[in-house]
Amino acid sequence: MAQNNKSNTAHAEGGIPWKHIVGFALSIILTLLAVWVALYSTLTTNVKVVIIFIFAFIQAALQLLMFMHMTEGRDGKIQIGNILFAAFIAIVVVIGSYWVMEIGHMNHLM
C-alpha cells in the first residue's frame, strides 16, 4: 500500500503524464470529428445527431477513464460498475421520458 502511494506521488511530482496527454489528444480529435460531421458532411440531420451523440458518449467515457482515475485504487472495478449502472439508469430515464412525451404529442395531434 505504501509503495503504491509512493509511485503516485512520484508521478505527480515529476515526469510526463502520458495518460493525460493521450486523453487530451483523443478528446480534441473526437471534438474535431464531431465538428466535421456537423458542418462539412452531407449526411442527413438524424444521422449527424446520432454520430455526434456517439462521439459524445465515447468522449465522456474517455474523460472518466483518463482524467477522473476511475480504474485506479482498490475499488476500481466497483467504480466502473457503478458508473455503468448510473449511465444505464440515465439513458432509460431520458429515452423513457422522450417516449412518453412523443406518445402524448401524437395523441394530442389526433
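Residues numbered from 1 in each chain as written. Predicted model: local features only at pLDDT ≥ 70, side-chain atom pairs only at ≥ 80, totals over all residues. Heavy atoms only, no water.

- If you check an unreviewed UniProt entry, the protein appears there as Quinol oxidase subunit 4 from Listeria seeligeri.
- The Catalytic activity (unreviewed entry) comment attached to the protein in UniProt states, word for word, "2 a quinol + O2 = 2 a quinone + 2 H2O".
- According to its UniProt record, the protein has this under Subcellular location (unreviewed entry): "Cell membrane". (UniProt positions renumbered as here; feature names shortened; annotations may be inferred.)

1. Here's the deal with a nonpolar patch on the surface
Logical step 1: Together, Val49, Phe53, Phe57, Ile91, Val94 and Ile95 line one region of the surface with nonpolar side chains, adding up to about 590 Å² of accessible area.
Logical step 2: Secondary structure elements with two or more residues in the nonpolar patch: helix 3 (45–66) and helix 4 (76–109).
Logical step 3: Tracing the chain through its elements places Val94 in helix 4. (Patch = residues over 30% accessible without salt bridge, like charges linked within 9 Å, V, L, I, M, F, W, Y side chains within 5 Å. Areas by Shrake-Rupley, 256 points an atom, 1.4 Å probe, with all protein chains shown as cover. Salt bridge = Lys/Arg side-chain N within 4 Å of Asp/Glu carboxyl O. Helix = DSSP H or I, 4+ residues; strand = E, 2+ residues; numbered from the N terminus.)

2. Some thoughts on the nonpolar core
Inside soluble globular proteins, nonpolar side chains tend to come together where they are buried.
Logical step 1: Formed by Leu30, Ala34, Val37, Phe55, Leu62 and Met66, the largest nonpolar core amounts to six residues.
Logical step 2: Residue assignment for this core shows that the elements contributing at least two residues are helix 2 (18–40) and helix 3. (Core = buried A, V, L, I, M, F, W, Y, C linked by side-chain atoms within 4.5 Å. Buried < 20%, exposed > 50% of the residue type's maximum accessible area, 1.4 Å probe, protein only.)

3. Describing the UniProt feature "transmembrane region" (unreviewed entry) in the protein
Logical step 1: The feature "transmembrane region" (unreviewed entry), as given by UniProt, occupies residues 21–43, 49–68 and 80–101 in the numbering adopted here.
Logical step 2: Taken end to end, residues 49–68 is 90% helix and 0% strand, and its two terminal C-alpha atoms sit 27 Å from one another.
Logical step 3: Helix makes up 100% of residues 80–101 and strand 0%, whereas the separation of the span's terminal C-alpha atoms amounts to 31 Å.

4. Overview of the packing of helix 2 against helix 3
Logical step 1: Between helix 2 and helix 3, whose axes approach to 10 Å, the crossing angle comes to 170°. As summarised for this structure, helix 2 and helix 3 are arranged roughly antiparallel, according to the angle between their axes. Across from Lys19, His20, Val22, Gly23, Leu26, Ser27, Leu30, Thr31, Leu33, Ala34, Val37 and Ala38 in helix 2, the residues of helix 3 making contact are Lys48, Ile51, Ile52, Phe55, Ile58, Gln59, Leu62, Gln63, Leu65 and Met66.
Logical step 2: Residue classes in the contact of helix 2 with helix 3 are distributed as 14 nonpolar, six polar and two charged. (Axes fitted to C-alpha atoms, helices over the stretch in contact; angles between N-to-C directions. Parallel < 35°, antiparallel > 145°, perpendicular 65-115°, else oblique. Contact = heavy atoms within 4.5 Å. Nonpolar A, V, L, I, M, F, W, Y, C, P; charged D, E, K, R; others polar.)

5. Comments concerning the side chain of Gln59
Logical step 1: By the secondary structure assignment, Gln59 is in helix 3.
Logical step 2: The class for Gln59 is buried, based on a relative accessible area of 18%.
Logical step 3: Side-chain polar atoms of Gln59 contact the side chain of Thr31, separated by 3.4 Å.
Logical step 4: Excluding residues within four positions of it along the chain, Gln59 makes contact with Ser27, Leu30 and Thr31. (Polar contact = N/O pair within 3.5 Å; in protein donor to acceptor, adjacent residues only side chain to side chain.)

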